[in-house]
Structure formats: structure tokens, C-alpha cells
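What follows is each chain in one-letter form.
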Amino acid sequence: MKLIIAVVQDQDSNRLSKALVENNFRATKLASTGGFLKSGNTTFIIGTEDIRVDRALQIIKDNCRARDQLVSPVSPMGGNADSYVPYPVEVEVGGATVFVLPIEQFLHF
Ligand code: 2BA
């Protein structure tokens, strides 16, 4: 069994949830925040059998697309200036950042 962790953009999350349910995958959605943009994204955790991993990855690929996002700098008001970017930056976000991990044990009480 494998655990798929997929970080996707909020705009794609409803479509992806729907597609996962339609294809009989069980998933949990977590509200998350990107470390770089510091804006909201959605993290899916999906536990599935090894033989269904490729199908889940295809569904994620089909339902998440890359978008350019302009990041406007926010002055760090007395806070930590380590990650402060002093000019607007355009970055391509997504489609999805995906990790596939082995599951040692799966329990469902
Ligand atoms: P963020 O960390 O907010 O990153 C958003 C986008 O900003 C990234 O898109 C990438 O294009 C850019 N970016 C991130 N860090 C950068 C840096 N140090 N310098 C220049 N550009 C940078 P994606 O790569 O598609 O990532 C989308 C989101 O996926 C990330 O949001 C983060 O929440 C997650 N993610 C990506 N890589 C990860 C990793 N190795 N571990 C954990 N989460 C990750």
C-alpha cells in the first residue's frame, strides 16, 4: 500500500476531489500554505493499493494545471526579513507536487 501526498492549487482542488471520488479513491484534503508564496494551497492525502497508484497519479495530472502567479512583496513589519523579496516575481505554480510513500501499516478501526 502507498500514501500519496499531493500539493495542489486551491482552484483545482474541487475538481480533483470529485474525480478521485468518482474513481473510488479515498482521500483527505488539508488546507495548507506554500512556504515560498505563503498563500493557500490544498494538500491531498490518498491511501491506496500499489496497483492503483498509477491511476491516482494520472487523475491528479489530468485535474491540476500549472499557472503563473505574480508575487507582490509584503514588507516584513518588524518580522523576520530572511525570506523577504523586494520586487514582484512571477513563478509557475503546479500543476501538482506529489510524493509517493510506502505505508508500513494501515489500520481502520
Ligand atoms: P510554494 O512554496 O508557495 O511555492 C510556489 C511556487 O513558487 C513553486 O511552485 C515554485 O514555482 C516557486 N518556488 C518555490 N520555492 C522557490 C524558491 N526557493 N525559489 C524560486 N521559486 C520558488 P511548485 O514547485 O509547483 O510548488 C507548489 C507548492 O507545492 C509549494 O508552494 C509548496 O507548498 C509545495 N511544494 C513544492 N515543493 C515541495 C517540497 N519539496 N516539499 C514540500 N512541499 C513542496
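Residues numbered from 1 in each chain as written. Predicted model: local features only at pLDDT ≥ 70, side-chain atom pairs only at ≥ 80, totals over all residues. Heavy atoms only, no water.

Under an unreviewed UniProt entry, the name given to the protein is Cyclic-di-AMP receptor, and the organism recorded is Neobacillus citreus.

This next bit is on the overall build of the protein. Check the secondary structure of the protein and you find 2 helices and 6 strands. Starting at the N terminus and ending at the C terminus, the protein contains elements arranged as β-α-β-β-α-β-β-β. Across the 109 residues that make up the protein, the buried fraction comes to 27%. Sequence-distant contacts, at least 24 apart, represent 70% of the contacts inside the protein between residues at least 6 apart. Looking at the protein as shown, the accessible area adds up to about 7600 Å², and 53% of this sits on carbon and sulfur atoms. (Helix = DSSP H or I, 4+ residues; strand = E, 2+ residues; numbered from the N terminus. Buried < 20%, exposed > 50% of the residue type's maximum accessible area, 1.4 Å probe, protein only. Contact = heavy atoms within 4.5 Å. Areas by Shrake-Rupley, 256 points an atom, 1.4 Å probe, with all protein chains shown as cover.)

So, about the sheet that holds strand β3 (residues 40–48). Sheet architecture is open: 4 strands sit in the order β2-β3-β1-β6, paired in antiparallel fashion. Strands with a single pairing partner mark the edges of an open sheet, and in this sheet they are β2 (27–33) and β6 (96–102). Taking the axes of each pair of neighbouring strands and ignoring which way they run, one obtains an average angle of 20 degrees across the sheet. One ladder, built from 8 bridges, connects strand β1 (residues 2–9) with β3; its direction is antiparallel. Counted as the bridge partner of L3 is G47 from β3. (Pairing = 2+ DSSP bridges. Axes fitted to C-alpha atoms, helices over the stretch in contact; angles between N-to-C directions.)

Around the ligand lies a shell formed by V7, G34, G35, F36, L37, N41, V91, E92, V93, G94, T97 and F99. A distance of 3.2 Å is found between an oxygen atom of the ligand and a backbone nitrogen or oxygen belonging to G35. F36 is positioned with one of its backbone polar atoms (N or O) 2.8 Å from an oxygen atom of the ligand. Every element with two or more residues in the shell around the ligand is listed here: β5 (89–93) and β6. Top element by residues in the shell around the ligand is β5. It accounts for 3 residues. For the shell around the ligand, the residue count by class is 6 nonpolar, 5 polar and 1 charged. (Near = heavy atom within 4 Å. Polar contact = N/O pair within 3.5 Å; in protein donor to acceptor, adjacent residues only side chain to side chain. Nonpolar A, V, L, I, M, F, W, Y, C, P; charged D, E, K, R; others polar.)

What follows covers the nonpolar core. One finds L16, L20, F44, I46 and I60 to be the most contacted residues of the largest nonpolar core, which totals 14 residues. Elements represented by at least two residues in this core include exactly β1, α1 (10–22), β3 and α2 (53–63). Other than its neighbours up to four places away in sequence, F44 contacts I4, I5, A6, V8, S13, L16, S17, L20, A27, T28 and K29. (Core = buried A, V, L, I, M, F, W, Y, C linked by side-chain atoms within 4.5 Å.)

A few words now on the packing of aromatic side chains. As enumerated under the stated definition, the model contains 0 aromatic pairs in all. Above the plane of the ring of F25 lies R52, whose end atom (NZ or CZ) is 3.9 Å from the centre. (Phe/Tyr/Trp six-rings, centres within 6.5 Å; stacked < 30°, edge-to-face > 60°. Lys NZ or Arg CZ within 6 Å of the ring centre and 35° of its normal.)

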